[in-house]
Amino acid sequence: MISESLKKVVDIEINSLKLKILGLNFLRWFFGIGGVVFFATGFGIAVYKIFYFENYIVRFILPVIIFLFLIIISLFISYKSLPEKSQLLSLLDKHNQCGGLLIAAHETNIGSWIEKIRLQKNNIKFNIDLKNKIAIFVLAIAFCFCSNFVPKLNYQKSSFNKFEISDNADDLKNQLDILKDEDIIEEEEAEELEQSINEIEKNAVGENPEKTLEALEHMEENLSNKAQLAEEKALAQMANLEATEQVAQKMEEALKNMSEKERKESLSAMNDMLNKLAKEDKNFQKMLKNQQLAMKQSLGSKDLMALKNGCNMSKEQLQKMLNNLKNNNLLNKFSNKLSNMKKNNGKGRLDNQQLLQFLKKNCSGSRSCNKLSSICGGGNGGTNRGPGSVPLMWKRRYNTYKGNYKDEGVTGDITSLDDSVLLQEIYTESQAGDYEKSKVGSLNNTKAKKVDNKSYSLQPKHRKAVGKFFERK
Amino acid sequence: MNESVVSQEQLTKVSAIIEKTLAELNDIILGKEELHKMMMVAILSKGHVLLEGLPGVGKTALVKALGDLLKLQFNRVQFTPDLMPSDILGTNILQEKNDGSRIMEFRQGPVFTNILLADEINRASPKTQSAMLEAMQESAVTLLGETRNLPHPFFVLASQNPIEMEGTYPIPEAQLDRFMFKLYVDSVDSNVLNQIITSRRRGEPPQAKSHLTSDELLEVYSVMGNIYLPNAVANYIARLVEASHVGSCSAISEVNEYVAYGASPRAAIAIAESARAVALLDGRPTVGFDDVKFVTKGALNHRLILNYKAKMDNISVFDIIDILLNKISETNVDLPKNVTIEA
């Protein structure tokens, strides 16, 4: 086995080799990793400096910490990668030209051959070329140092205040409403324009007020144009209408002196004019249509006279009745019925019973029809005979709610039966004394017919009437 | 103390014998000292050698001189395309006895010798070449189920001509692998030629003055067995061979790029054995890294098969071996690439 003296020398050489290799590996890892780490550190500092902090302590301590950490890491890796003793023996054997004797001496008994081993102290020298790595490392350190001088980025987020245009937007919306109400623009178009106005209002920020004002101006101009166009159109229509009215007035005067043929031609020309007008103006067209319909549905003057006479009505009553009929869409039917009745009787007078049946059949329950029924069939003596016209009887209302209301008589101007509701019909037996007054011209001491006490409770539906009828105290 | 390695006296004696023989060989064949050393290494490690060289460079002369020096039985077979295995191994022939009966008797072929010179081995057919496989590996010949051992020691020293390849058969890889070394015999320089011309009539080499007897050779072999191969060196040989394998974890980039097939385990054995012989020749009882480096080229050059890319890039086997020897660290110490060691 190996002698003590040789063992000492070998151990010294091996330790020396270990130290050298440790140093070599340390330099290798320190400069190798250091270059990368300091570039990364410099980059990190620069980024933090630009965006985040101005902490000088951290900026200078961080590289120092990394430097120390690098030393520790490099030492650790170098120590871990130290070669084994057998490998170092091989190195010694090879470079001392031992021809395997030194290795063999540690593995087996080589006897006297051990004397042949010649070890030279510090025979092995390492040359390391770290120029590139050192250059990169120095650059990295410089970069890290320079990163401290990177200026902090001062920037502000673009925060613009809301650009207040709500007044302008409201004005536009009002204009839009007017245009919509006047039927100058269609419903869909109005919605689209309103959405556009809302959008302009929503996007109105101080960043680009010109754009917003421009959009507002454009919208305002658009609406004004529409209004102007509509106005021009309306003016033109008005002019046309006035001209037509003038023509109509003059024609009305001239019609009296015209022959049948001329009248027809004139009326035809007038009709064409009206149609032309109607084509241009929808409202006028609508109005004209209604009038023509009304004319078609209206009764002739002879019919009206017959009705007036037949029902013993005044002109006003007749007018009201006709209005009621019209409101109930019964005018046409009534007109036809009237014609039929005239034909059947051949007398040009209405049969009250027939009229009453017609009304009951067609509009039972309706207030207007009930009124008509009462006019034509009910009451003392009916509509065409008896002592005279039957006045409507109004009774005080029975206060079922026990509320403290002030009952008020319905004034004449609001006793119109329009929209009133028939609440009840009250029949009471005739009592002594309930006789009709003797009419002028009747025989004296003759007992007049008993009168049925029949009354109607009508509740006016009109809001104004209701308000006056029930006035809360 | 019981020594595990050969003693200095014994080694000195054996070394002197070998040196004397080698010096004799150098005198007989001029100007090829290194080749002679390699031949001697092959003889000491009982390996077969394939000599490749142009005609007339002294291949046959070298083998004949070696046979003469070693005082061993020497046979020469000129390989030709019509050579049959039986022409080498021998065959059974019908013999008539004195009593008139007939018997099949085995007639030994030229392979039954100590040194067989297989001249222009690549001219024989693969069938005949394959007949040598068992003889080279097992030192035995099996014929009709009967195995006959060849004389000890048995060496095949084959030669082949790298030109005039028409009518030749490349030696199969299996047989190539059985050769310990493939050595290239180059021409000599003018000084040596001048020496040959002036000292040799008709180029005939001089007769050997001394010979290596069988006993001496056996002694040499016994000493060879005691040459110590340290673990670190064995590990180096193993790493070298492993690095020649394409796709292995330790394969270097050039190997992956240019080598089709790496060296076999037989290559590692050949390197280890021949390295022992080199140590013996140098008079050392242990194998060093330099011994391994000395024999690696001869041991690997016929075992590494390069791909077509290597041919295209004009990369030779020797280039790959040089790269292997440079890149594979003997000591396996992990040092930075830019570190150089000076002794």
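The rules behind these values
- Residues numbered from 1 in each chain as written.
- Chains lettered and ligands numbered in written order.
- Predicted model: local features only at pLDDT ≥ 70, side-chain atom pairs only at ≥ 80, totals over all residues.
- Heavy atoms only, no water.
- Helix = DSSP H or I, 4+ residues; strand = E, 2+ residues; numbered from the N terminus.
- Buried < 20%, exposed > 50% of the residue type's maximum accessible area, 1.4 Å probe, protein only.
- Areas by Shrake-Rupley, 256 points an atom, 1.4 Å probe, with all protein chains shown as cover.
- Axes fitted to C-alpha atoms, helices over the stretch in contact; angles between N-to-C directions.
- Parallel < 35°, antiparallel > 145°, perpendicular 65-115°, else oblique.
- Contact = heavy atoms within 4.5 Å.
- Nonpolar A, V, L, I, M, F, W, Y, C, P; charged D, E, K, R; others polar.
- Disulfide = S-S within 2.5 Å.
- Phe/Tyr/Trp six-rings, centres within 6.5 Å; stacked < 30°, edge-to-face > 60°.
- pLDDT = per-residue confidence, 0-100.
- Patch = residues over 30% accessible without salt bridge, like charges linked within 9 Å, V, L, I, M, F, W, Y side chains within 5 Å.
- Salt bridge = Lys/Arg side-chain N within 4 Å of Asp/Glu carboxyl O.
- Lys, Arg positive; Asp, Glu negative; His and termini not counted.
- Charge placed at Lys NZ, Arg CZ, Asp CG, Glu CD.
- Core = buried A, V, L, I, M, F, W, Y, C linked by side-chain atoms within 4.5 Å.
- Domains from an automatic or database assignment.
- Pairing = 2+ DSSP bridges.
- Buried area = accessible area lost by both parts, 1.4 Å probe.
- Polar contact = N/O pair within 3.5 Å; in protein donor to acceptor, adjacent residues only side chain to side chain.
- Expected span 1.5 Å × (residues − 1).
- Arc of directions from axis to C-beta.
- Left-handed = near helix turned anticlockwise from the far one by under 90°.

Asks: An account of the overall build of chain B is needed here, citing residue identities and associated values.
Replies: A count of helical and extended segments in chain B gives 15 helices and twelve strands. Per-residue burial over chain B gives 52% buried out of 343 residues. As presented, chain B carries roughly 16000 Å² of accessible surface, and 50% of it is formed by carbon and sulfur atoms.

Asks: Before we move on, can you summarise the packing of helix 6 (residues 166-181) of chain A against helix 7 (residues 187-202) of chain A with the specific residues and values?
Replies: Residue and element names in this part refer to chain A. Here helix 6 crosses helix 7 at 180 degrees, and the two axes come no closer than 10 Å. As far as their axial angle goes, helix 7 and helix 6 are roughly antiparallel. Facing Ser166, Ala169, Leu172, Lys173, Leu176 and Lys180 of helix 6, the residues of helix 7 in contact are Glu187, Ala190, Leu193, Glu194, Ile197, Asn198 and Glu201. Class assignment for the residues of the contact of helix 6 with helix 7 results in six nonpolar, two polar and five charged.

Asks: Any chance you could break down the state of the cysteines for me, citing the residues and the numbers?
Replies: Applying the stated criterion to the full structure yields zero disulfides over all chains. This cysteine, A:Cys146, is not joined by any disulfide, and A:Cys144 carries the nearest cysteine sulfur, 9.4 Å off.

Asks: Let's hear about the packing of aromatic side chains: which residues, and what values?
Replies: All names here are of chain A. Overall, the coordinates contain twelve aromatic pairs over all chains when judged by the stated rule. Residues phenylalanine 38 and phenylalanine 67 carry aromatic rings whose centres are separated by 6.1 Å and whose planes lie at 50 degrees to one another, so their mutual orientation is tilted. Placement of the pair is phenylalanine 38 in helix 1 (residues 4-51) and phenylalanine 67 in helix 2 (residues 56-80), with a sequence separation of 29 residues. The class for phenylalanine 38 is buried, based on a relative accessible area of 3%. Using a relative accessible area of 32% as the deciding quantity, one classes phenylalanine 67 as partly exposed. Ring centres of phenylalanine 39 and phenylalanine 143 lie 5.5 Å apart, and the angle between their planes is 45 degrees; this geometry places the pair in the tilted category.

Asks: So what's going on with the confidence of the model for chain A? Residues and values would help.
Replies: All names here are of chain A. Mean pLDDT over chain A stands at 71; residues scoring 70 or higher make up 59%. Looking at the elements of chain A, mean pLDDT is at its lowest for strand 5 (residues 471-472), recorded as 48, and at its highest for helix 5 (residues 131-146), recorded as 88. Segment residues 378-399 is flagged for pLDDT under 50; beyond a separation of four residues in sequence, or across chains, it makes 41 contacts in the model.

Asks: Requested: an account of a negative patch on the surface, with residues and values cited.
Replies: All names here are of chain A. On the surface, Glu164, Asp167, Asp170, Asp171, Glu210, Glu214, Glu217, Glu220 and Glu221 cluster together into a negatively charged patch. Of all the elements in the fold, those that place two or more residues in the negative patch are helix 6 and helix 8 (209-255). Broken down by element, the negative patch gets its largest block of residues, five residues, from helix 8. On the secondary structure map, aspartate 170 appears in helix 6.

Asks: Quick rundown of the nonpolar core? Include the residues and the values.
Replies: With 110 residues, the main nonpolar core has A:Ile117, B:Phe181 and B:Leu280 as its most contacted residues. Per-element tally for this core: the top contributor is helix 12 (residues 265-281) of chain B, with ten residues. The two domains that each donate at least three residues to this core are domain 1 (1-226) and domain 2 (227-335) of chain B. When residues no more than four places from it in sequence are discounted, the contact partners of B:Phe181 are B:Met38, B:Val41, B:Ala42, B:His48, B:Val49, B:Leu50, B:Ser274, B:Val295, B:Gly298, B:Ala299 and B:His302. Counting residues in each nonpolar core, the second largest holds 26 residues, with B:Ile88, B:Phe112, B:Ala135 and B:Ala158 among its members.

Asks: Give a description of the sheet that holds strand 9 (residues 179-185) of chain B that names residues and reports values.
Replies: Residues and elements named next belong to chain B. One open sheet accounts for five strands, arranged 2-5-8-1-9; its pairing is parallel. The sheet is open, and its two edges are formed by strand 2 (74-78) and strand 9, each paired on a single side. Pairwise comparison of adjacent strand axes, ignoring direction, gives a mean angle of 20 degrees for this sheet. Two strands pair when backbone bridges link them, and strand 1 (residues 48-53) and strand 9 are joined in this way by six bridges, in the parallel orientation. Residue leucine 51 lies in a different strand from strand 9, and its bridge partner there is leucine 183.

Asks: Explain the interface of chain B and chain A to me, and be specific about the residues and the numbers.
Replies: Taken together, the contacts link 35 residues of chain B with 34 residues of chain A. Between chain B and chain A, a total of about 3000 Å² is buried, with carbon and sulfur atoms accounting for 56% of that surface. One can count one salt bridge joining chain B with chain A. Across the pair A:Lys94 and B:Glu330 runs a salt bridge, and its minimum N-O distance is 2.9 Å. At the boundary of chain B and chain A, one finds nine residue pairs in polar contact (both at pLDDT 80 or more). Broken down by secondary-structure element, the contributors of at least two residues to the side of chain B that touches chain A are helix 1 (8-28), helix 10 (231-243), helix 13 (289-300) and strand 12 (339-342) of chain B. A total of four residues in the side of chain B that touches chain A trace back to one element, the largest contributor, which is strand 12 of chain B. Here the side of chain B that touches chain A is composed, by residue class, of 17 nonpolar, twelve polar and six charged.

Asks: Explain helix 9 (residues 260-280) of chain A to me, using residue names and the numbers behind them.
Replies: Residue and element names in this part refer to chain A. Taking 1.5 Å of rise per residue, 21 residues should cover 30 Å, and helix 9 covers 30 Å from first to last C-alpha, within 8% of that figure. Those residues of helix 9 lying buried are Ser266, Met270, Leu274, Leu277 and Ala278. Down the axis, helix 9 shows its buried residues gathered within 115 degrees of arc, on one side only. Of the exposed residues in helix 9, those oriented more than 90 degrees away from the buried face are Lys261, Lys264, Lys276 and Lys279.

Asks: Give me a nonpolar patch on the surface: which residues, what numbers.
Replies: Residue and element names in this part refer to chain A. Nonpolar side chains collect at one region of the surface, where Phe39, Phe43, Ile136, Leu139 and Phe143 lie side by side and expose about 480 Å² of accessible area between them. Counting residues per element, the ones that place at least two in the nonpolar patch are helix 1 and helix 5. Among the elements that line the nonpolar patch, the one with the most residues is helix 5, at three residues. With respect to the helices and strands, the residue phenylalanine 43 is situated in helix 1. Judged by its relative accessible area of 55%, phenylalanine 43 is exposed.

Asks: Give a detailed account of helix 7 of chain A, specifying residues and quantitative values.
Replies: All names here are of chain A. In this model helix 7 runs 22 Å from its N-terminal to its C-terminal C-alpha over 16 residues, within 8% of the 22 Å that 1.5 Å per residue would give. Within helix 7, burial applies to Ala190, Leu193, Ile197 and Ile200. With its buried residues spanning 85 degrees around the axis, helix 7 presents them on a single face. Exposed residues lying more than 90 degrees from the buried face of helix 7 are Glu188, Glu192, Gln195, Glu199 and Lys202. Residues of helix 7 that are buried sit in contact with helix 6 and helix 8.

Asks: Any chance you could break down the pattern of salt bridges for me, citing the residues and the numbers?
Replies: A side chain of one charge can pair with a side chain of the opposite charge when the charged atoms of the two come close. With the rule as written, the count across this model stands at 21 salt bridges over all chains. Between A:Glu189 and A:Lys226 there is a salt bridge, with its nearest N and O atoms 2.5 Å apart. With a gap of 37 residues between them, A:Glu189 in helix 7 and A:Lys226 in helix 8 connect regions that are remote in the sequence. A:Glu189 gets classed as partly exposed once you look at its relative accessible area, which sits at 30%. Overlapping salt bridges bring together B:Lys37, B:Asp282, B:Arg284 and B:Asp291 as one network.

Asks: Help me get a handle on unusual backbone geometry, residues and values and all.
Replies: Residue and element names in this part refer to chain B. Residue proline 153 is bonded to the preceding histidine 152 through a cis peptide linkage, with omega at -5 degrees. The phi dihedral of lysine 71 is positive, around 55 degrees, even though this residue is not glycine. Even without being glycine, glutamate 120 reaches a positive phi, approximately 50 degrees. Mapped onto the fold, glutamate 120 is located in the loop between strand 5 (115-119) and helix 5 (126-130).

Asks: Could you give an account of the side chain of B:Thr331, with specific residues and numbers?
Replies: Residue position: B:Thr331 is located in the loop between helix 15 (317-327) and strand 12. B:Thr331 has contacts with A:Gln87, A:Ser90, A:Leu91 and B:Arg239, leaving out every residue within four places of it along the chain.

Asks: Any chance you could break down the packing of helix 13 of chain B against helix 15 of chain B for me, citing the residues and the numbers?
Replies: Residues and elements named next belong to chain B. Packing of helix 13 against helix 15 leaves a shortest axis separation of 10 Å and a crossing angle of 145 degrees. For the pair helix 13 and helix 15, the sense of crossing is right-handed. On the side of helix 13, the interface is formed by Lys293, Thr296, Lys297 and Leu300, while helix 15 contributes Val317, Phe318, Ile321, Asp322 and Leu325.

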